[in-house]
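Structural overview for review
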Amino acid sequence: MIATRRRSKRIVAVLLFLLAGMDARSAEDRGTALVLAEVLSSSIAAVPKILETREKRRAEEARLLSAQGAFDRSIEQSGLGWANGYYDGRQLDSRFVQPLRSLGADLYAGYRISGGDFPVYQDQLVTLDRGEFNAGLSLPLLRDRAFDERRFKLRDGQLKIDLADADLLLAKMSVQHGAMRAYWSWVTAGRRLQVLERLLIIAEERDIAFREQFAQGDIAEISVVENYQNVLKRRQLARSARRDFEIAAVDLSLYLRDEGGRPLLPLASRLPDGYPPVTDATIADAEADLRRALTRQPELVMLDREMDRERNRLRLAENDLRPEVDLGLKMARDLGDGSETRNGTDVIAELKVSVPVERRKARGEIGAAEAELRSLVFGRQRIQERLQLQVARLVEAVDAAVEFTRLARQEADQAQVLEDAEWTRFREGASSFFLLNVREENTADARVRALDATLGYFQAMADYYLATADFDALAIGPELLPSSEPELWPPR
């Protein structure tokens, strides 16, 4: 008993600490029943898990912007000059560069001017006195033509945003699912407390009546003692139920938030009167729900995007296997006075060839990417099969929960009938206090079992909504993610 009291005190202390940072609803809201829609609306807007994941997505947007910077226009400028020695040549070269995404090429236009004397082997640096205007193109013919490091990072950044979108949706689904379960746990804990407090009130009222009857000499003292024992037992049950209700309220406050995003403790006065109806037609078309889940589930979408990333890595590695054959075209025209050899317009072509010999790095990257693709294909198959099995099990669980709820409520109704009949017999002197007490407790136990069965139904439905990605039921909104069936690798 002492240990139990110490545990209760610790629980109360923790609850008081948690409640110290929580707000309560204003007086005008105290009589308004708390509905599930209010909880879901609050949790989707302010739960830190969603806000954290949203910020991660914004970080990926910033990284994509950084990857796009590889195709930013740039101004390049260089200069050289002899600080000492026989020659006194000097040159200034300015260039405006525009990278192209489609061909992996770079366009440029520039101006160059030089003065002084240069060695004969650097005669190409000399310009007329008004300088040289030039424009050109650097074009890869094999390696980097269709795909290169810059385009890989750009596409990978876009896929990471898709992954972040799927992760955000997964966080929303998880939070809303948790909010649903916490709400129904709170409602059930409150209803259970009401049942057990009603049972306690009956025993306490009977204790008062028995003590008056004992004082008048109408009943023996043993009846007073026996009833008071029931009072103590029922007080423990009620106290335990109140503790569970308070803990459920704290759990629900993680999803119920005020305007500032702070946890909001639901007041006991906001407990709804009952549950929505539990019907056999809850799941209308399980096959359609499964098909929806296979296209919407963020886990599958994330695997699809990871496959796309591995395909890009494979494409980049295959690009590295190719020889480097770069074509450079330049058109230049000098203006001003100087050597006649520099008059007119020059068109210059340059071809650069580099052939990798061993290519172990590229071959290793190809092997790793192919293995990762096969792994992801099998992983997707595993999750898809698990999802199919999970939905099938949840359909059975929901059907069973409907049946359990119906039977438990019928049992509670029959127990109430027996209790009412026992009360009638007790008033007529045909029953005993012992039998009446048993009937009362049987009724309370049956009502608690009915509440637990109802809780099992609503929690099974929350699990079903999560597994089938029912955005409407989870109050997420029409956030559909594009998803295509990934190709098996290697292709069939």
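None of the values given here were measured: they were computed from a predicted structure.

1. Details of the overall build of the protein chain
A count of helices and strands for the protein chain gives nine helices and six strands. Its C-alpha radius of gyration of 39 Å places the protein chain more than 25% over the 23 Å reference for a compact globule of 492 residues. Counting across all 492 residues of the protein chain, residues that qualify as buried make up 40%. A sequence separation of at least 24 residues applies to 78% of the contacts in the protein chain between residues at least 6 apart. In the form shown here, the protein chain has an accessible surface area of approximately 27600 Å², with 54% of it arising from carbon and sulfur atoms. If the 72 positive side-chain charges of the protein chain are averaged to one point and the 80 negative ones to another, these points end up 3 Å apart.

2. Some points on unusual backbone geometry
Phi is positive for R359, close to 60°, though the residue is something other than glycine. Relative to the helices and strands, R359 is located in the loop between β6 (345–354) and α8 (360–427). A residue is classified by how much of its surface remains accessible, and R359, at 38% relative accessible area, is partly exposed.

3. Regarding the packing of helix α5 (residues 221–253) against helix α9 (residues 433–467)
Packed helices, taken two at a time, are described by their axes: the angle between them and the distance between them. One way to put it is that α5 packs onto α9 with a least axis distance of 11 Å and a crossing angle of 15°. Judged on the interaxial angle alone, α9 and α5 are roughly parallel. The crossing of α5 and α9 is right-handed. Taking contact as the criterion, the partners of E226, N227, N230, K233 and R234 in α5 are, on α9, F433, F434, N437, E440 and E441. Looking at the contact of α5 with α9, its residues break down into two nonpolar, three polar and five charged.

4. Observations regarding the packing of aromatic side chains
Across all of its chains, the model carries 13 aromatic pairs by this definition. When the ring of W82 is compared with that of F118, the centres are 5.7 Å apart and the planes differ by 85°; the resulting orientation is edge-to-face. Pair noted here: W82 is in the loop between β1 (74–81) and β2 (90–99) and F118 is in the loop between β3 (106–115) and β4 (132–140), with a separation of 36 residues, a long-range link. In this structure W82 comes out as partly exposed when scored by relative accessible area, which is 30%. Here the aromatic residues Y183, W184, W186, F245, Y275, Y457 and F458 are joined through ring pairs into a cluster of three or more.

5. Describing the pairing of β3
For β2 and β3, the ladder comprises ten bridges, and the chain directions are antiparallel. Bridge pairing in β3 places Q91 opposite S114. A loop of six residues connects β2 with β3, the two strands running antiparallel in sequence, and G104 in this loop sits at a positive phi of about 70°. By the bridge criterion, seven bridges tie β3 to β4 in an arrangement that is antiparallel.

6. A short note on a nonpolar patch on the surface
A grouping of L141, L142, L351, V353 and V355 is seen on the molecular surface, where their side chains present a nonpolar patch of about 450 Å² in accessible area. Within the secondary structure layout, L351 lies in strand β6. Given the relative accessible area of 55%, L351 is considered exposed.

7. Details of the packing of helix α2 (residues 36–46) against helix α3 (residues 48–68)
Taken N-terminus to C-terminus, the directions of α2 and α3 make an angle of 35°; their axes are 6 Å apart at the nearest point. From α2, S43, I44, A45 and A46 reach across to α3, where they touch P48, I50 and L51. In the contact of α2 with α3, the residues fall into six nonpolar, one polar and no charged.

8. Considerations on the nonpolar core
Of all hydrophobic cores here, the largest spans 73 residues; its most connected members are V39, Y183, W184, W186 and Y457. Listed by contribution, the elements that provide at least two residues to this core are α2, α4 (149–215), α5, α6 (286–296), α7 (298–321), α8 and α9. If one sorts the elements of this core by residue count, α4 sits on top with 16 residues. Excluding residues within four positions of it along the chain, Y457 makes contact with V278, T279, T282, V398, A401, V402 and T405. Within the second largest apolar cluster, six residues are counted, among which are A408, A415, A446 and A450.

9. Section: the environment of G260
Along the chain, G260 falls in the loop between α5 and α6. G260 sits in the exposed class, given a relative accessible area of 54%. In sequence terms G260 and A203 are 57 residues apart; their C-alpha atoms lie 45 Å from each other.

10. Observations concerning the side chain of R257
Looking at where R257 falls in the secondary structure, it is placed in the loop between α5 and α6. Salt bridges are absent for the buried R257, whose nearest opposite-charge side chain, D258, sits at 7.3 Å. Of the polar contacts made by the side chain of R257, one reaches the backbone oxygen of L254; its length is 2.9 Å. In this structure R257 touches S42, A46, P48, R262, P263 and L264, once residues within four positions along its chain are discounted.

11. Digging into the sheet that holds β2
The strand order across the open sheet formed by six strands is β1-β2-β3-β4-β5-β6, and the pairing between neighbours is antiparallel. At either end of the open sheet lies a strand with only one pairing partner, and these are β1 and β6. Adjacent strand axes in the sheet meet at a mean angle of 20°, parallel and antiparallel pairs treated alike.

12. Brief notes about the pattern of salt bridges
Taken as a whole, this structure holds 40 salt bridges when the rule is applied. Here R305 ties to D308 by a salt bridge, and the two come within 3.2 Å at their closest N and O atoms. Placement of the pair is R305 and D308 together in helix α7, with a separation of three residues, close to one helical turn. Of the charged contacts in the structure, one is a salt bridge between R425 and E422, with a shortest N-O distance of 2.7 Å. Taken together, the residues R425 and E422, both in helix α8 and three residues apart, mark about one turn of the helix. Sharing partners across several salt bridges, the network here consists of R206, K233, R234, E440 and E441.

About the criteria used
- Residues numbered from 1 in each chain as written.
- Predicted model: local features only at pLDDT ≥ 70, side-chain atom pairs only at ≥ 80, totals over all residues.
- Heavy atoms only, no water.
- Helix = DSSP H or I, 4+ residues; strand = E, 2+ residues; numbered from the N terminus.
- Rg over C-alpha atoms; globule rule 2.2 N^0.38 Å.
- Buried < 20%, exposed > 50% of the residue type's maximum accessible area, 1.4 Å probe, protein only.
- Contact = heavy atoms within 4.5 Å.
- Areas by Shrake-Rupley, 256 points an atom, 1.4 Å probe, with all protein chains shown as cover.
- Lys, Arg positive; Asp, Glu negative; His and termini not counted.
- Charge placed at Lys NZ, Arg CZ, Asp CG, Glu CD.
- Axes fitted to C-alpha atoms, helices over the stretch in contact; angles between N-to-C directions.
- Parallel < 35°, antiparallel > 145°, perpendicular 65-115°, else oblique.
- Left-handed = near helix turned anticlockwise from the far one by under 90°.
- Nonpolar A, V, L, I, M, F, W, Y, C, P; charged D, E, K, R; others polar.
- Phe/Tyr/Trp six-rings, centres within 6.5 Å; stacked < 30°, edge-to-face > 60°.
- Pairing = 2+ DSSP bridges.
- Patch = residues over 30% accessible without salt bridge, like charges linked within 9 Å, V, L, I, M, F, W, Y side chains within 5 Å.
- Salt bridge = Lys/Arg side-chain N within 4 Å of Asp/Glu carboxyl O.
- Core = buried A, V, L, I, M, F, W, Y, C linked by side-chain atoms within 4.5 Å.
- Polar contact = N/O pair within 3.5 Å; in protein donor to acceptor, adjacent residues only side chain to side chain.

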